[in-house]
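Chain and residue survey
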Amino acid sequence: MNLSHRVPLLPKSASVFLAGLLFAAISHATDLPTVNAPEKLGTVRLPISCNDAAQAHFTRAVALLHSFYWPEVKKSLTEAEKADPGCAMVHWAHAMAAMGNPYTWPLTGKALRDGMAAVEKARLLAPKTEREQDYIASVEYFFKDAEKIPGETRQLAYELSMSKLAAKYPDDIEAKIFHALALSANFDPNDKTYRNQLSAAQIFEGILVAKPDHPGVSHYLIHCYDSPPLAQRGLASAYRYRDIAPSAPHALHMPSHIFTRLGMWDDSIAANTAVLNTVRDPSGKLHSWDSLRSQWRYRGRRSRMRSRAPFSPS
């Protein structure tokens with residue numbers, strides 16, 4: 001099929017311009033981690049009643065969950081299950097991974113079935129502590145009777161359950177984080193007071209003082225502040241997150257959300273270029289390619305506007 005009529009060639013000047021942007025972005029990103037750097041995913045702590053080997057793989061999986069690095073989450077959970085086949089919380093984590101990116105809810109199709117299957121497996125293995133039972137019961141609200149109960153209703157039930165779990169175990173930082181994540185994800189896009197986002201951000205900001213190296217806290221703060229009126233509040237988290245978890249593609253990409261909101265085009269392009277330079281897994285690159293195309297276009301538009309603007313000595 002001839003697609004030439006659908007994909008017009010760029011003028012030579014535009015091609016040169018885009019090539020220059022890409023070169024500048026790559027140059028600007030050279031101080032970021034390379035593919036061969038030691039793995040760095042941030043610090044999380046969620047003790048479970050499984051053996052030490054399973055705990056180590058599980059902890060890595062939870063850190064990866066907080067950076068939406070789904071392929072590596074599954075690899076770590078597979079290793080955890082091998083290390084301790086009776087570990088119920090491994091399957092809680094599989095259910096959490098099936099949720100995907102909460103900011104794209106509602107969830108549909110196979111992911112809902114996979115999540116419920118993971119919940120059922122976790123229950124079958126009989127979690128050994130009350131806290132583990134509560135974690136599994138909470139995530140079940142999200143998946144149970146998905147064919148009958150609307151997604152928004154199940155999402156809110158999960159959020160409420162996690163709120164109760166966090167209150168029941170006040171020393172459990174992960175419970176607070178997962179509750180605040182659900183709260184921020186259940187926002188109303190028409191609410192310009194940003195009630196949910198700001199309420200969740202208050203929780204995350206409180207945790208940040210004690211856990212500055214937690215990947216989820218900085219990641220989710222960026223999402224909470226991902227709107228023009230709030231973006232300036234997210235700038236510190238944008239810089240911090242990429243340093244906390246540079247081994248996760250999403251941690252390199254996410255700062256571009258804030259940079260773009262603030263018109264920081266060079267920084268935004270560099271953030272997404274860093275993903276392309278350092279990540280082997282193609283699935284981790286797709287979103288960055290999409291972002292780069294938009295950023296090149298907007299930066300080019302702004303450059304053309306500046307070139308037409310009258311000279312002002314101020």
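The shown structure was predicted, so the numbers you read here are calculated from the model rather than taken from an experiment. (Residues numbered from 1 in each chain as written. Predicted model: local features only at pLDDT ≥ 70, side-chain atom pairs only at ≥ 80, totals over all residues. Heavy atoms only, no water.)

The subject of this paragraph is the overall build of the protein chain. The number of helices and strands found in the protein chain is 15 helices and 0 strands. Here the protein chain holds 314 residues, and the buried ones make up 48% of them. Of the contacts made within the protein chain by residues no fewer than 6 positions apart, 63% connect residues no fewer than 24 positions apart. If you sum the accessible surface of the protein chain, you get close to 16200 Å²; carbon and sulfur atoms cover 57% of it. (Helix = DSSP H or I, 4+ residues; strand = E, 2+ residues; numbered from the N terminus. Buried < 20%, exposed > 50% of the residue type's maximum accessible area, 1.4 Å probe, protein only. Contact = heavy atoms within 4.5 Å. Areas by Shrake-Rupley, 256 points an atom, 1.4 Å probe, with all protein chains shown as cover.)

A few words now on the state of the cysteines. Here the structure, examined in full by the defined rule, presents 1 disulfide. The disulfide partner of C50 is C87, and the S-S distance across this bridge is 2.1 Å. Judged by the sign of its S-S torsion, about 85°, the bond between C50 and C87 is right-handed. Highlighted residues: C50 in the loop between helix 1 (12-28) and helix 2 (52-65) and C87 in the loop between helix 3 (70-83) and helix 4 (88-99), separated in sequence by 37 residues. (Disulfide = S-S within 2.5 Å.)

Our next topic: the pattern of salt bridges. The final tally for this structure, using the stated rule, is 11 salt bridges. With its nearest N and O atoms 2.7 Å apart, the salt bridge here joins K168 to E130. Taken together, the positions of K168 in helix 7 (residues 151-168) and E130 in helix 6 (residues 130-143) put the pair 38 residues apart, joining distant regions of the chain. (Salt bridge = Lys/Arg side-chain N within 4 Å of Asp/Glu carboxyl O.)

This brings us to the side chain of S67. Mapping S67 onto the fold places it in the loop between helix 2 and helix 3. If near-sequence neighbours (up to four positions away) are discounted, S67 is found in contact with P215, H219, Y241, A245, A248 and H250.

All chains considered together, the criterion is met by 10 aromatic pairs. Ring centres of W92 and Y135 lie 5.3 Å apart, and the angle between their planes is 80°; this geometry places the pair in the edge-to-face category. Taken as a pair, W92 in helix 4 and Y135 in helix 6 lie far apart in primary sequence, 43 residues in all. For the residue pair W92 and Y135, the accessibility class agrees, reading buried in each case. Measuring from centroid to centroid gives 5.4 Å for Y239 and F259, while their planes differ by 50°, and the two rings are tilted. (Phe/Tyr/Trp six-rings, centres within 6.5 Å; stacked < 30°, edge-to-face > 60°.)

Okay, the nonpolar core next. Counting residues in hydrophobic clusters, the biggest one holds 79 residues, and the most contacted among them are F58, W92, F143, Y158 and F204. With 10 residues, the top contributor of residues to this core is helix 4. When sequence neighbours within four positions are dropped, the list of residues in contact with F143 reads A95, A98, M99, L107, A111, L112, G115, M116, V119 and R154. (Core = buried A, V, L, I, M, F, W, Y, C linked by side-chain atoms within 4.5 Å.)

With that settled, the discussion passes to the environment of P229. Among the secondary structure elements, P229 is positioned in the loop between helix 10 (215-224) and helix 11 (235-244). Classification of P229 by relative accessible area gives exposed; the value is 58%. Sequence spacing of P229 and T193 is 36 residues, and the spatial spacing of their C-alpha atoms is 9.9 Å.

A few words now on the confidence of the model for the protein chain. Put simply, the protein chain has an average pLDDT of 83, and 76% of its residues get 70 or more. Considering only residues more than four positions removed or in separate chains, one finds that residues 283-296, a stretch of pLDDT under 50, has 32 contacts. The low-confidence segment residues 298-314 (pLDDT under 50) makes 9 contacts with residues lying over four places distant or belonging to another chain. (pLDDT = per-residue confidence, 0-100.)

Here we come to the packing of helix 2 against helix 4. In a packed pair of helices, the relevant descriptors are the angle between the two axes and the axis-to-axis distance. Between helix 2 and helix 4, the shortest axis-to-axis distance is 11 Å and the interhelical angle comes to 15°. In terms of orientation, helix 2 lies roughly parallel with respect to helix 4. Here helix 2 and helix 4 pass one another in a crossing that is left-handed. Two secondary-structure elements touch here, helix 2 through F58, V62 and L65 and helix 4 through M89, V90, W92, A93, M96 and A97. Among the residues forming the contact of helix 2 with helix 4, the class breakdown is 9 nonpolar, no polar and no charged. (Axes fitted to C-alpha atoms, helices over the stretch in contact; angles between N-to-C directions. Parallel < 35°, antiparallel > 145°, perpendicular 65-115°, else oblique. Left-handed = near helix turned anticlockwise from the far one by under 90°. Nonpolar A, V, L, I, M, F, W, Y, C, P; charged D, E, K, R; others polar.)

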